[in-house]
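# Remarks on the overall topology
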Amino acid sequence: MTTELGICRTRNHALINWVDQMAELCCPDRVFWCDGSLAEKDQLTERAVQEGILVRLNQEKLPGCYYHRSNPNDVARVEQSTYICCESEEDAGPTNNWMPPADAYQKLHNLCRGAMRGRVLYVVPYLMGPPGSPLTKVGVELTDSLYVVLNMRIMTRMGEVALSELGERDSFNRGLHCLLDVHPDRRFICHFPQDNTIISVGSGYGGNVLLGKKCLALRIGSCLGRKEGWLAEHMLILGVESPGGEKTYVAAAFPSGCGKTNFAMMVPPERFKGWKIWTVGDDIAWMKPGPDGRLYAINPENGYFGVAPGTSLQSNLNAMRTITRDTLFTNVALLPDGDVWWEGKDGRPPAECLDWRGQRWTPESKEKAAHPNSRFTAPMRNNPMLAPEADNPQGVPISAIIFGGRRATTLPLVCEAFNWIHGVYMGATMGSETTAAAAGATGQVRRDPMAMLPFCGYNMAHYFRHWLNMRKRIKYPPRIFNVNWFRKDEQGRFLWPGFGENMRVLKWIIDRCQGRVGAHEMPLGWFPRAQDFDLEGLKGFTAQDFETIQNINLEEWRREALSQDELFIKLYSYLPKEMIFQRELLVARL
Ligand code: GTP
Ligand code: SPV
Ligand code: MN
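### Some points on the overall build of the protein
Within the protein, the regular secondary structure consists of 16 helices and 31 strands. Its C-alpha atoms give the protein a radius of gyration of 23 Å, within 12% of the compact-globule value 25 Å for 590 residues. Viewed in the frame of its principal axes, the protein has a C-alpha envelope of about 65 × 55 × 45 Å. Residues counted as buried form 61% of the 590 residues belonging to the protein. For the protein, the exposed area adds up to about 23,200 Å²; of that, 50% sits on carbon and sulfur atoms. In the protein, 67 side chains carry a positive charge and 66 a negative one; their mean positions are 2 Å apart.

### Side note on the packing of aromatic side chains
Enumeration according to the criterion identifies 23 aromatic pairs in this entry. Relative to W275, the ring of F272 has its centre 6.5 Å away and its plane inclined at 75°; by these criteria the two rings are edge-to-face. Side by side, F272 and W275 carry an identical accessibility label, which is buried. Site record: aromatic cluster; members linked through ring pairs are W496, F533, F541 and F546. In this structure, R406 is placed above the aromatic ring of F486, and the distance from its NZ or CZ to the ring centre is 4.1 Å.

### Notes on the coordination of the manganese ion (ligand 3)
The expected angle between donors at a tetrahedral four-coordinate metal is 109.5 degrees. At an octahedral six-coordinate metal it is 90 or 180 degrees. Binding of the manganese ion (ligand 3) to the protein goes through K214 (NZ), H234 (NE2) and D283 (OD), at separations of 2.2 to 2.3 Å. Seen from the manganese ion (ligand 3), its six donor atoms lie at angles of 75 to 174°, and the figure they make is octahedral. All donors of the manganese ion (ligand 3) belong to a single chain; written as a sequence motif, their spacing is K-x19-H-x48-D. With K214 in helix α8 (residues 212-228) and H234 in the loop between β12 (231-233) and β13 (236-241), this pair connects stretches of sequence that are 20 residues apart. Assessed through its relative accessible area of 1%, H234 is described here as buried.

### Observations concerning helix α5 (residues 146-155)
Buried residues dominate α5, accounting for nine of its ten residues. Taken together, the buried positions of α5 are occupied by L146, Y147, V148, V149, L150, N151, M152, I154 and M155. Looking at where α5 begins, the residue whose side-chain oxygen comes 3.3 Å from the main-chain nitrogen of Y147 is S145.

### Overview of the site of ligand 1
Within the structure, ligand 1 sits among 20 residues, and G257, K260, N262, R375 and F499 are positioned closest to it. Here G259 contributes a backbone N or O atom positioned 2.9 Å from an oxygen atom of ligand 1. In the complex, the protein chains occlude 89% of the 670 Å² of accessible area that ligand 1 would expose alone. Each of two domains, domain 2 (233-301 + 387-589) and domain 3 (304-382), supplies a minimum of three residues to the shell around ligand 1.

### Details of the pattern of salt bridges
Per the counting criterion, the structure on display carries 39 salt bridges. Residue R447 pairs with E560 through a salt bridge whose shortest N-O separation is 3.0 Å. Pair noted here: R447 is in strand β28 (residues 445-447) and E560 is in helix α15 (residues 554-570), with a separation of 113 residues, a long-range link. Each member of the pair, R447 as well as E560, carries the same accessibility label: buried. Close ionic contact of R558 with E555 constitutes a salt bridge, the shortest N to O distance being 3.4 Å. Here E555 and R558 lie together in helix α15, a separation of three residues that amounts to about one turn. Sharing partners across several salt bridges, the network here consists of K213, K214, K260, D283 and E301.

### Focus on the domain arrangement of the protein
Partitioning the protein into domains gives domain 1 (13-54 + 77-228), domain 2 (233-301 + 387-589) and domain 3 (304-382). Counting residues at the interface gives 15 residues for domain 2 and twelve residues for domain 3. Summed over both sides, the interface of domain 2 with domain 3 buries roughly 1,100 Å², with 57% coming from carbon and sulfur. Along the contact surface separating domain 2 from domain 3 lie one salt bridge. Notably, a salt bridge pairs D391 with R381, separated by 2.8 Å at the nearest N-O pair. Linking domain 2 to domain 3 there are two residue pairs in polar contact (both at pLDDT 80 or more). Contributions of two or more residues to the side of domain 2 that touches domain 3 are made by α9 (260-264) and β15 (276-281). When grouped by side-chain class, the residues that make up the side of domain 2 that touches domain 3 number eight nonpolar, four polar and three charged.

### A few points about α15
Along its 17 residues, α15 runs 25 Å from first to last C-alpha, staying within 8% of the 24 Å computed at 1.5 Å per residue. Along α15, the positions that sit buried rather than exposed are E556, W557, E560, A561, Q564, D565, L567 and F568. In this structure, the buried residues of α15 make contact with α11 (420-428), β28, α12 (460-473) and α16 (577-589). One side-chain oxygen of the residue at the start of α15 lies 2.9 Å from the amide nitrogen of E555, identifying that residue as N553.

### Remarks on unusual backbone geometry
Backbone geometry places M450, a non-glycine residue, at a positive phi of 50°. Looking at the element boundaries, M450 is found in the loop between β28 and α12. Residue A451 is not a glycine yet carries a positive backbone phi of 60°. Position of A451 relative to the elements: it lies in the loop between β28 and α12.

Calculation rules
Residues numbered from 1 in each chain as written. Chains lettered and ligands numbered in written order. Predicted model: local features only at pLDDT ≥ 70, side-chain atom pairs only at ≥ 80, totals over all residues. Heavy atoms only, no water. Helix = DSSP H or I, 4+ residues; strand = E, 2+ residues; numbered from the N terminus. Rg over C-alpha atoms; globule rule 2.2 N^0.38 Å. Buried < 20%, exposed > 50% of the residue type's maximum accessible area, 1.4 Å probe, protein only. Areas by Shrake-Rupley, 256 points an atom, 1.4 Å probe, with all protein chains shown as cover. Lys, Arg positive; Asp, Glu negative; His and termini not counted. Charge placed at Lys NZ, Arg CZ, Asp CG, Glu CD. Phe/Tyr/Trp six-rings, centres within 6.5 Å; stacked < 30°, edge-to-face > 60°. Lys NZ or Arg CZ within 6 Å of the ring centre and 35° of its normal. Donors = N, O, S within 2.8 Å, 3.2 Å for Na, K, Ca; no water. Tetrahedral: all angles 85-135°; square planar, octahedral: opposite > 155°, others 65-115°. Polar contact = N/O pair within 3.5 Å; in protein donor to acceptor, adjacent residues only side chain to side chain. Near = heavy atom within 4 Å. Domains from an automatic or database assignment. Salt bridge = Lys/Arg side-chain N within 4 Å of Asp/Glu carboxyl O. Contact = heavy atoms within 4.5 Å. Buried area = accessible area lost by both parts, 1.4 Å probe. Nonpolar A, V, L, I, M, F, W, Y, C, P; charged D, E, K, R; others polar. Expected span 1.5 Å × (residues − 1).

In structure tokens, the structure reads:
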């Protein structure tokens, strides 16, 4: 028996009315309601292959895997085209682009009018969060991109499950996405926090268009969190299991392209035999105080949209296992036998392939074969180290929050904040070198508070205030740490081996949380004592190197303090006093 696909089966009037209105605006030939079934996946995948949106990869090597090239003008998030559309410009704050909601609606509705003629409008109901969690939110994305539908199917809990969670309520996030002509001049990603609405046009890539991710889970999510008393953060969540079975959960905020996926899937080195790292999430955490006074986190996502270049059996074994089936690859290189490749993958570069633009590539070529922001979209259920708690509606209790940027200088490998307020200051003043995850120059240090600069949906100064206020609602607050895997020597080589060896840093962090190791007080916070930091079995890294990587250079810190000031001056009118006092204390200690 076959049931017909694409039929509307909900009786939710608010939803039906809104879809009707949007269809009237966009004028698609057809409206297709997604139910999330396997039959639907097969049908839509087949359609995407026929339309040239996906290329079927070698099904013996990569069962269920497909390949997509995005428009070369559309390969990353576009921060300059991302807007917060609230009534007052001050609510968006100086770190966001702002448009008055009425103007934005008019502009975007004009762009969308008739934009789906000759096309299909797909209705994608989805959940951010496990079914039944008090933190879970329902979203519905309307899109004319099959690529978006198939990605959302992996990245969220999509279809029937979301409609039944929604029931008759009208409290769902309304997302409209139109490809238009995929031209940068007509590319806008607009958020309307008052209306719980998102409209994205002119792009077909990643965080611009998979509306559950950055748009709902972070920008709208941060606004909801402020209102409802929780935190929506750009954080991975992992569980550390000791050989004795003790489990400790940590959340870590690193900016885009700075190591969250890698850290969340880490394989501990030989020295830590018997230790296990379980992945709860690799990009987003929603955190709320629980009834026992601890801070609980859920991962609202259902899949990984991870950076491909640099991913290898050596650097990220669990990711490599995760992407062997039912995975979509975007903007990587395509091999003659229907396999995929990227810079940093295991083995030698292929003798020839097609690069991310579809042009012939050989090892002599000057350009990269895979785009630096090429990605895989993979179901989290493929991850052999997926934490069983990833589906737990209550989430996991967080013992440590870790902030970390990509800094070639200045920042030590690890230190611990003196207390919550100091930790918030550490997060607020985070700096990081820009990466290929956003369009624009890479390698430039900028302030990226809590790794949320591109994702905070309201005034960043109010966001700091919200973080400070949260302390009163958490009886047993997590300890806060800062890490930097990316410090370099004078020759430009990374001082720290990173990846699996980050377990050594994590071990010190959880030992601190369990009150098992000491530390010494330094101007920046608590530093590990040499005897408490495990360097055994780490080839080529001496106690002297440890001192070098933990060194505080006063000249660098003078510049750092000045650079922090630039952000604070920008935010001055609403900046919590605590931030100013912390800065003064830091300067005094230095
Ligand atoms: P988004 O998905 O953009 O939010 O990024 P992410 O934070 O998940 O970054 P990801 O883990 O994909 O890492 C991005 C880049 O950082 C890759 O090129 C990695 O190889 C590199 N990287 C990750 N961890 C380490 C590390 O410990 N040391 C060094 N040197 N590089 C790392
Ligand atoms: C990021 O840029 O932080 C990402 C990738 O996780 S995207 O979904 O494109 O925003
Ligand atoms: Mn991210």
